[in-house]
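# Chain and residue survey
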Amino acid sequence: MRAVRFHHYGDTDVLGIEDVELRAHTPGEVVVKVRVAGINPGEGKIRSGALHELFPATFPSGEGSDFAGTVTAVGSEVTGWNVGDEVLGWSWERSSHAEYVVVPADQLVAKPAALDWIAAGALYVAGTTAYAAVDAVDPRPGETVAISGASGGVGSIALQLAQLRGARVIAIASPRHQRWLESKGAVVVNYGDGLKERIEKEAGGAPDAFLDFHGAEYAALAVDLGVPAQRINTINYPAAATYGTHSAGNAEGTKLEILAELARLVAEGKVEIPISATYPLGEIRQAFTELEKGHTLGKIVLTFEP
């Protein structure tokens, strides 16, 4: 099969497509022919070596966690899955940026018929991270939640999940994505000088909760606004330790019932997964180059021949 490989840390030019052997599946595993695979900022940081202390790579390395596709083989001990089933799920082996992926049977959920393939393949990392972050601050009906990085892959889902709980969302984002955010019912405030005052004006004081999907400075801003630490969630672990906030994300959200619930919400049209761009596997470098510009709305995905 064709799969993404890189042999040392570096920029996007270290990424290549190689012909590799699909590893044999064990009795408890399932083989899936990949239709769509999401790409994520963390994968770029792993590839560059920026996360070597936390997530070291073993070379040659594959990459990718998100995927959606069709089951082509099942292990002898697998129950509940059959060849031809349409599924979405995740890989812990950095292996979903490939034509086939092998995963344990308990890392898959059924793809609802109404769930678009593109959204299905983009859902796992961003969706489960957003779900866990929203759950950590527990927004209640009528409360106001401020979200930094609101137009990104995670933030764009989190704002919709917060609204489903009855919260009002203040989306901190650049003007280029204001129309989409407002179409989802969010109040948009732009980045830049005077941000604290703009948030206070829209919230009528301090927001009830704050979700940070951008960086440490926004956790500090949330504290400065007067949001209680237990109602703040940040993707920046050092900032969470400094301010005593939550840092719930993908690890906390990785549960089959959560992924299945997200798939249902998207299939029913209650949550939209905005797709900024799609690329074929052979354009993996271009896909990550676009992602790492940092200005995308929602997700970028890789597509494969059905």
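Our structure's up above, just so we're on the same page.
A quick note: this is a predicted structure, and the numbers were derived from the prediction, not measured.

Conventions adopted
Residues numbered from 1 in each chain as written. Predicted model: local features only at pLDDT ≥ 70, side-chain atom pairs only at ≥ 80, totals over all residues. Heavy atoms only, no water. Axes fitted to C-alpha atoms, helices over the stretch in contact; angles between N-to-C directions. Helix = DSSP H or I, 4+ residues; strand = E, 2+ residues; numbered from the N terminus. Parallel < 35°, antiparallel > 145°, perpendicular 65-115°, else oblique. Contact = heavy atoms within 4.5 Å. Nonpolar A, V, L, I, M, F, W, Y, C, P; charged D, E, K, R; others polar. Phe/Tyr/Trp six-rings, centres within 6.5 Å; stacked < 30°, edge-to-face > 60°. Buried < 20%, exposed > 50% of the residue type's maximum accessible area, 1.4 Å probe, protein only. Lys NZ or Arg CZ within 6 Å of the ring centre and 35° of its normal. Core = buried A, V, L, I, M, F, W, Y, C linked by side-chain atoms within 4.5 Å. Salt bridge = Lys/Arg side-chain N within 4 Å of Asp/Glu carboxyl O. Pairing = 2+ DSSP bridges.

## Side note on the packing of helix 3 (residues 124–137) against helix 10 (residues 256–267)
In helix packing, the relevant descriptors are the interaxial angle and the interaxial distance, both defined with respect to the helix axes. Running from amino to carboxyl end, helix 3 crosses helix 10 at an angle of 105°, the nearest separation of the two axes being 10 Å. When the axis of helix 3 is compared with that of helix 10, the two are roughly perpendicular. In contact with Y124, G127, T128 and Y131 of helix 3, helix 10 contributes I258, L259, E261 and L262. Residue classes in the contact of helix 3 with helix 10 are distributed as 5 nonpolar, 2 polar and 1 charged.

## Focus on the packing of aromatic side chains
Evaluation of the coordinates by the stated rule reveals 5 aromatic pairs. Their ring planes at 80° and their centres at 5.1 Å tell us that Y9 and F59 sit as a pair that is edge-to-face. Of the two residues, Y9 is situated in the loop between strand 1 (2–5) and strand 2 (16–19) and F59 in the loop between helix 1 (41–48) and strand 4 (66–74); the sequence distance between them amounts to 50 residues. On the basis of an interplanar angle of 70° and a centroid distance of 6.3 Å, the ring pair of W90 and W92 is categorised as edge-to-face. When its relative accessible area of 4% is taken as the criterion, W90 is described as buried. For W92, a relative accessible area of 56% puts it in the exposed group. An aromatic cluster of at least three residues, connected via ring pairs, comprises F6, Y9 and F59. Lying over the aromatic face of F288, R47 brings its terminal NZ or CZ to 5.9 Å of the ring centre.

## Digging into the nonpolar core
Grouped together as the largest cluster of nonpolar side chains are 48 residues, with contacts concentrated most on L88, L123, I147, L161, L181, L211 and I273. The biggest single contributor to this core is helix 3, with 7 residues. In contact with I147, not counting residues within four places along its chain, are A158, L159, V169, I170, A171, I172, L211 and F213. The next biggest cluster of nonpolar side chains, apart from the first, holds 29 residues, and it includes V78, Y279, L302 and F304.

## Some thoughts on the pattern of salt bridges
Taken as a whole and assessed by the stated rule, the structure comprises 18 salt bridges. Measuring nitrogen to oxygen at the nearest pair gives 2.7 Å for the salt bridge that ties R23 to E29. Across the pair K293 and E290 runs a salt bridge, and its minimum N-O distance is 3.3 Å. One salt-bridge network, held together by shared partners, links D135, D138, R140, E143, R165 and R231.

## Considerations on the environment of T242
For T242, the position within the fold is in helix 8 (residues 237–243). By relative accessible area, T242 is classed as exposed at 59%. Remark: the alpha-carbon pair of T242 and A216, spanning 26 residues in sequence, is separated by 9.8 Å.

## Focus: the sheet that holds strand 9 (residues 168–173)
Where strands meet in a sheet, backbone hydrogen bonds hold them as pairs that are either parallel or antiparallel. Pairing is parallel across the open sheet formed by 5 strands, whose spatial order is 10-9-8-11-12. Looking along the sheet, the strands with just one partner apiece sit at the ends: strand 10 (187–190) and strand 12 (232–234). Averaged over all pairs of adjacent strands, the angle between strand axes in this sheet comes to 15°, irrespective of strand direction. Pairing of strand 8 (residues 144–148) with strand 9 involves 5 bridges; the strand directions are parallel. The residue of strand 9 that forms the bridge with I147 is A171. Packed onto the sheet, helix 3 meets strand 11 (209–212) and strand 12 and runs at close to 155° relative to strand 11.

## Concerning unusual backbone geometry
Most peptide bonds are trans, and most residues other than glycine sit at a negative phi. With omega at -5°, the peptide bond leading from F59 into P60 counts as cis. Phi is positive for R94, which is not a glycine, with a value near 55°. If you trace the backbone, R94 turns up in the loop between strand 5 (86–90) and strand 6 (100–104). The phi dihedral of D138 falls on the positive side, at around 50°, and the residue is not glycine. With respect to the secondary-structure elements, D138 resides in the loop between helix 3 and strand 8.

Everything listed is a geometric property; what it means functionally is a separate question.
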